[in-house]
Amino acid sequence: MTTTQRLLPAALLAVLAPAAWAEKPLALDRIYLSAGAYQADSNADARIDGGNGVIGSDVNFEDDFGLTNDRVVGRLRFGFLVGDSQGIEVDGYRFHRSAHKTLDRTIVYDGSTFEVDADVHGKLDMDFASVAWRWWMPVGDRDVWGLGLGGGYYRVAGNVSGQGSLNGNVQQLDLHESASAWAPLIELGWRHALGDSARIYADVAGVRKNNGSLTGHIYNFSLGMEFFPWRHLGVGFEYGAQRIRVEADKRSFDGVLNVRLSGPSAFVKLRY
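Basis of the calculations
Residues numbered from 1 in each chain as written. Predicted model: local features only at pLDDT ≥ 70, side-chain atom pairs only at ≥ 80, totals over all residues. Heavy atoms only, no water. Buried < 20%, exposed > 50% of the residue type's maximum accessible area, 1.4 Å probe, protein only. Helix = DSSP H or I, 4+ residues; strand = E, 2+ residues; numbered from the N terminus. Pairing = 2+ DSSP bridges. pLDDT = per-residue confidence, 0-100. Contact = heavy atoms within 4.5 Å. Phe/Tyr/Trp six-rings, centres within 6.5 Å; stacked < 30°, edge-to-face > 60°.

Engineer: What exactly am I supposed to notice about the pairing of strand 10 (residues 198-209) here?
Structural biologist: Side-chain direction in a regular strand flips from residue to residue, so the side chains alternate between the two faces of the sheet. When you tally the buried positions in strand 10, you get 9 out of 12 residues, the bulk of the element. Examined bridge by bridge, strand 9 (residues 169-195) and strand 10 share 10 bridges and lie antiparallel to one another. Considered in strand 10, the bridge of G195 is made with A198. Following strand 9, the chain reverses through 2 residues before pairing antiparallel with strand 10.

Written out as structure tokens, the structure reads:
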């Protein structure tokens, strides 16, 4: 065996070893799963017009239907790296509110009229989920910046029931409308490692749909900190704010919904 033949395998190992054993950035986790609770303070405005050209009232679910302004919302987040600078993240939560109230003003909803002093039950449901592929760019030893592209799913449902009038007839009404859609998603993220056991981060995301019977947008901002008393188990605290606008132009009804959510989250995180 010649000297060149003996040196070639060693040279190949020297070239390939850094790629094979490259360390991920300190601010990222190889695999992670977060589960926790979001103390969401909400403000939801809606108008549902009837299918016969009847213009609905602008209503506020918290004020007009007696929904409480804050509620704990469960949240789940999962992600993993593909290589050392790319990865996938899935995030989702479900928001639900319902309450009874005696109306202090007339409300027109989905073509039906609920008069003053009518006892009504109002309900608002919203599901949101996103999946995005992220590209991370290390900046120094402790910081990474990321760009994410993917899709966001949102489903919104409103329900109003009680004694009202439809076409001049007083009767017990139960009105339910819902809409859902997938839309393109873009995310920007930043991670800073305070050390191996703590980090801070910020994320900004936007979902927008401009065509079809359901259009609208969702904007999200979050700022958080994570602590890992144990190598693979830690806790996190986050403050988040969402702005949601959905416009429906369907055969049976037209409607507009604006939802503003904000508040702190606390969660447990498993990582590897």
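Engineer: I keep staring at the confidence of the model for the chain and nothing clicks. Help me out?
Structural biologist: In low-pLDDT segments, the atomic positions of the prediction should not be examined closely. Residue-level pLDDT values for the chain average 83, and 88% of them are 70 or greater. The least confident element of the chain is helix 1 (residues 3-20), whose mean pLDDT is 41; the most confident is strand 10, at 94. Every residue in residues 2-21 scores below 50 in pLDDT, and together they form 1 contact with partners more than four places removed in sequence or on other chains.

Engineer: Honestly, the packing of aromatic side chains in this entry has me stumped. Any pointers?
Structural biologist: Think of a pair of aromatic rings as described by two things: how far the centres are apart, and how the planes are tilted against each other in angle. This structure, assessed with the given rule, holds 6 aromatic pairs. Considering the side-chain rings of Y93 and F128, the 5.7 Å spacing of their centres and the 45° angle between planes classify their relative orientation as tilted. Of this pair, Y93 sits in strand 4 (residues 86-102) while F128 is found in strand 7 (residues 119-139), placing the two residues 35 residues apart along the sequence. Looking at Y93, the relative accessible area reads 6%, which means it is buried. Judged by its relative accessible area of 13%, F128 falls in the buried class. Between W145 and W190 the ring centres are 6.3 Å apart and the planes differ by 40°, which places this aromatic pair in the tilted class.

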